[in-house]
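Notes for the structure review
Here are the chains, one letter per residue:
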Amino acid sequence: MTLTALPRHSTVLTDTRRAADYYRQTFGLTTLKPANGWSWSTYTQGIQALYRQSGDQRFLDDNMSWGRSALWAISTIQTNPDTVKAGQTYFDLQAIDPAASLTGMDATMSTDLASQPISKYDWIDALFMGLGNFPRWAVRTGNQAYLAKMDQLYSWTRDQGGTSSRCAGRTVPQPGLYDVASGLWFRDCTYVGVRDVNGRPVFWGRGNGWVIAAMAEVLGRLPATDPHRAKYVAMLTSMAARLAAVQGADGFWRASLADPALYPDPETSGTGLITFAIAYGIGAGILDRTTYLPVVARAWHGLTTLALQPNGFVAGCQAAGVDPRAPFIGKAPRVPPSPTTAGTVNVDSPPFCVGAFLLAGSEVARLTTSLSTGRPVAATSAQVGNEPARAVDGNVTTRWSAKVFPQSITVDLGSIVAVSNSMVVTYLDRAYRYRIQTSVDGLTWQLAVDRTANTLRGTRLDDFGTRPARYVRLTVTGVTADPTTWVSIQEFAVYGG
């Protein structure tokens, strides 16, 4: 497949939200427990990433409800670090809403820092489940020992994980779980040196997805001055190169990376995690855009045309397991959801798999850069503390506010460029009525979007056809089914073709 460019921002975000909107309705009805375990916590991490990209209040509300339902505690029926995966979302929620309590996680992380054996991380999934907490708590506490402990855990898994006690009495051909020659990871010591029925080494697709996604997660939090940062950059870089070489023509990675024909079905969870990590690497300037953007474009095309179904169900997910042999699910749940039951959705499309899809979509959306972010902006009026610049700062948790309708903001893009779609993030998902106009000279204006009869709540994504513009104006004319007299826009973003 020849793909070199991503879809429009509005298309990427629409597809990602479609999956979230289908799945989010099942959480309150699910029988899949524990609700605060690693699988649901991966899903909430994806929801949190989607909130940061789309600003939809319902996604933030979902995660706050999830945390409250768990009393901000971690699972007691799983193994650490699976148990602490929830802490990453709790931390990210607390940065937005202080009602998210970190009391329990503070105690857990303090204990892990002081006494968790580094040999605890003796399977590669653990890197994604646990490492991301350590840079967060280094920031929260100011204690850099958290970063040192994270490096010890990672280094032991990479270089000594094959010596785990789970392989006591067995001689393995190498001490670490990372295989330097192949550039890939064994899931745990029981797979080191093992061959499949075709004589190939067993490198699990999702397992390696967990690892490269952990590298992206860590690098997104690690200070640029950290002395160990280079090793995480090196691993992300080397894994991306190796994974790009074994990507399928349909954009997917298979369950067995060294023997893709053995399990030929396209696999969604590993593909989502790998797509997320490579997209992060591009956006962070770690990976060459020219080289890797086609990899991401192919993967996202496959995820949205083969895995994502029209109703939002995410198919092609390999069930929870430890190697490429775990079964796959079909293109629909065996029992569909209803207003009173989740059906088999949460089993047939496991939460972690949908979370991987949401992480991928959110990171791909970040690559479709807003032309208006950080640009000069003027407003007809503004509340002190909620100035117009806050509507174009790339942060969906800030806002421009002004009292009494109508009110406008006008963004100067700096030069005449091609624009084609936009995103309007409304405070509290209000159903604001608005219009968007474009101009090449600031004097003559053309109507691009007319939502002056809008009744729909939440973030609005508008496609208006490619056109030249230097200036783009958003005019809010009113609001539907809300008593407010205030205009409050959290983000107004304009995108190219």
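Presented here is a report on the structure given in the accompanying data block. (Residues numbered from 1 in each chain as written. Predicted model: local features only at pLDDT ≥ 70, side-chain atom pairs only at ≥ 80, totals over all residues. Heavy atoms only, no water.)

Observations regarding the nonpolar core
- By size, the foremost hydrophobic cluster in this structure holds 117 residues, and its most contacted members are Trp185, Ile212, Ile278 and Leu358.
- The element that contributes the greatest number of residues to this core is helix H14 (residues 351–367), accounting for 11 residues.
- Not counting the four nearest positions on each side in its chain, Trp185 is found in contact with Ile124, Leu127, Tyr154, Thr157, Arg158, Leu177, Tyr178, Phe203, Asn208, Val211, Met235 and Met239.
- Residues Trp400, Tyr434, Ile436 and Val479 belong to the second largest nonpolar core, which totals 24 residues. (Core = buried A, V, L, I, M, F, W, Y, C linked by side-chain atoms within 4.5 Å. Buried < 20%, exposed > 50% of the residue type's maximum accessible area, 1.4 Å probe, protein only. Helix = DSSP H or I, 4+ residues; strand = E, 2+ residues; numbered from the N terminus. Contact = heavy atoms within 4.5 Å.)

Concerning the pattern of salt bridges
- Applying the stated criterion to the full structure yields 25 salt bridges.
- One salt bridge connects Glu217 with Arg136, and the closest N-O pair in it is separated by 2.4 Å. With Glu217 in helix H9 (residues 205–219) and Arg136 in helix H7 (residues 133–141), the pair connects residues that are 81 residues apart, well separated along the chain. Comparing Glu217 with Arg136 shows no difference in burial state: the two are buried.
- Of the charged contacts, one joins Arg200 and Asp259 as a salt bridge, the two residues approaching to 3.5 Å between their closest N and O atoms. Within this pair, whereas Arg200 is found in the loop between strand E2 (184–185) and H9, its partner Asp259 is found in the loop between helix H10 (229–245) and helix H11 (268–283), the two being separated by 59 residues in sequence.
- The exposure class of Arg200 is partly exposed, given its relative accessible area of 38%.
- Among the charged side chains, a salt-bridge network with shared partners connects Asp122, Asp125, Arg166, Arg187 and Asp188. (Salt bridge = Lys/Arg side-chain N within 4 Å of Asp/Glu carboxyl O.)

Focus: the environment of Met105
- Within the fold, Met105 resides in helix H5 (residues 103–115).
- Separated by 350 residues in sequence, Met105 and Thr455 place their C-alpha atoms 41 Å apart.

Some points on the pairing of strand E8 (residues 460–480)
- Pairing of strand E5 (residues 407–426) with E8 involves 13 bridges; the strand directions are antiparallel. When the bridges of E8 are listed, Thr410 appears paired with Arg473.
- Two elements, strand E6 (residues 431–439) and E8, share nine bridges in a ladder whose sense is antiparallel. Bridging from a neighbouring strand, Tyr434 pairs with Val476 of E8. (Pairing = 2+ DSSP bridges.)

Regarding the environment of Ala230
- Considering the arrangement of structural elements, one finds Ala230 in helix H10.
- The exposed category is assigned to Ala230, whose relative accessible area is 55%.
- As for Ala230 and Ala145, which are separated by 85 residues in sequence, their C-alpha atoms are 18 Å apart.

Quick look at the state of the cysteines
- Enumeration over the complete set of coordinates arrives at two disulfides.
- Here Cys317 pairs with Cys353 through a disulfide, and the sulfurs are 2.1 Å apart. In this structure the cystine formed by Cys317 and Cys353 twists about its S-S bond by roughly -75°; its chirality is therefore left-handed. A residue pair is termed long-range when its members are at least 10 positions apart, and Cys317 in the loop between helix H12 (289–307) and helix H13 (345–348) and Cys353 in helix H14 qualify at 36 residues.
- Cys317 gets classed as buried once you look at its relative accessible area, which sits at 0%.
- For the protein chain, the bonded cysteines connect in the pattern 1-2, 3-4 when numbered consecutively along the sequence. (Disulfide = S-S within 2.5 Å.)

A few points about the packing of helix H2 (residues 38–54) against helix H4 (residues 85–94)
- Running from amino to carboxyl end, H2 crosses H4 at an angle of 30°, the nearest separation of the two axes being 8 Å. Between H2 and H4, the crossing angle belongs to the class labelled roughly parallel. Here H2 runs over H4; the crossing is left-handed. In this structure, H2 uses Trp38, Ser41, Thr42, Thr44, Gln45 and Gln48 to contact H4, whose residues at the interface are Lys85, Ala86, Gln88, Thr89, Asp92 and Leu93.
- For the contact of H2 with H4, the class distribution of residues is three nonpolar, seven polar and two charged. (Axes fitted to C-alpha atoms, helices over the stretch in contact; angles between N-to-C directions. Parallel < 35°, antiparallel > 145°, perpendicular 65-115°, else oblique. Left-handed = near helix turned anticlockwise from the far one by under 90°. Nonpolar A, V, L, I, M, F, W, Y, C, P; charged D, E, K, R; others polar.)

A word on unusual backbone geometry
- The omega torsion of the bond from Lys33 to Pro34 falls at 0°, within 30 degrees of zero and hence cis.
- In this fold, Pro34 is placed in the loop between helix H1 (9–24) and H2.
- Here the amide bond leading from Asn80 into Pro81 is cis, since omega sits at 20°, within 30 degrees of zero.
- Position of Pro81 relative to the elements: it lies in the loop between helix H3 (57–69) and H4.
- Phi is positive for Leu71, close to 55°, though the residue is something other than glycine.
- Looking at where Leu71 falls in the secondary structure, it is placed in the loop between H3 and H4.
- The backbone phi angle of Asp429 is positive, close to 60°, even though this residue is not glycine.
- Structurally, Asp429 can be placed in the loop between E5 and E6.
- The class of Asp429 is buried, set by a relative accessible area of 8%.

Quick look at the packing of aromatic side chains
- On inspection of all chains with the given rule, the structure shows 19 aromatic pairs.
- For the pair Tyr23 and Trp40, a centre-to-centre distance of 6.0 Å together with 45° between the ring planes defines the contact as tilted. Of the two residues, Tyr23 is situated in helix H1 and Trp40 in helix H2; the sequence distance between them amounts to 17 residues.
- Judged by relative accessible area, which is 2%, Tyr23 ranks as buried.
- Residue class for Trp40 comes out buried when judged on its relative accessible area of 1%.
- In this structure an aromatic cluster arises from ring pairing among Tyr23, Phe27, Trp40 and Tyr43.
- For the cation-ring pair, Lys85 lies above Phe128, with the distance from its terminal atom to the ring centre recorded as 3.5 Å. (Phe/Tyr/Trp six-rings, centres within 6.5 Å; stacked < 30°, edge-to-face > 60°. Lys NZ or Arg CZ within 6 Å of the ring centre and 35° of its normal.)

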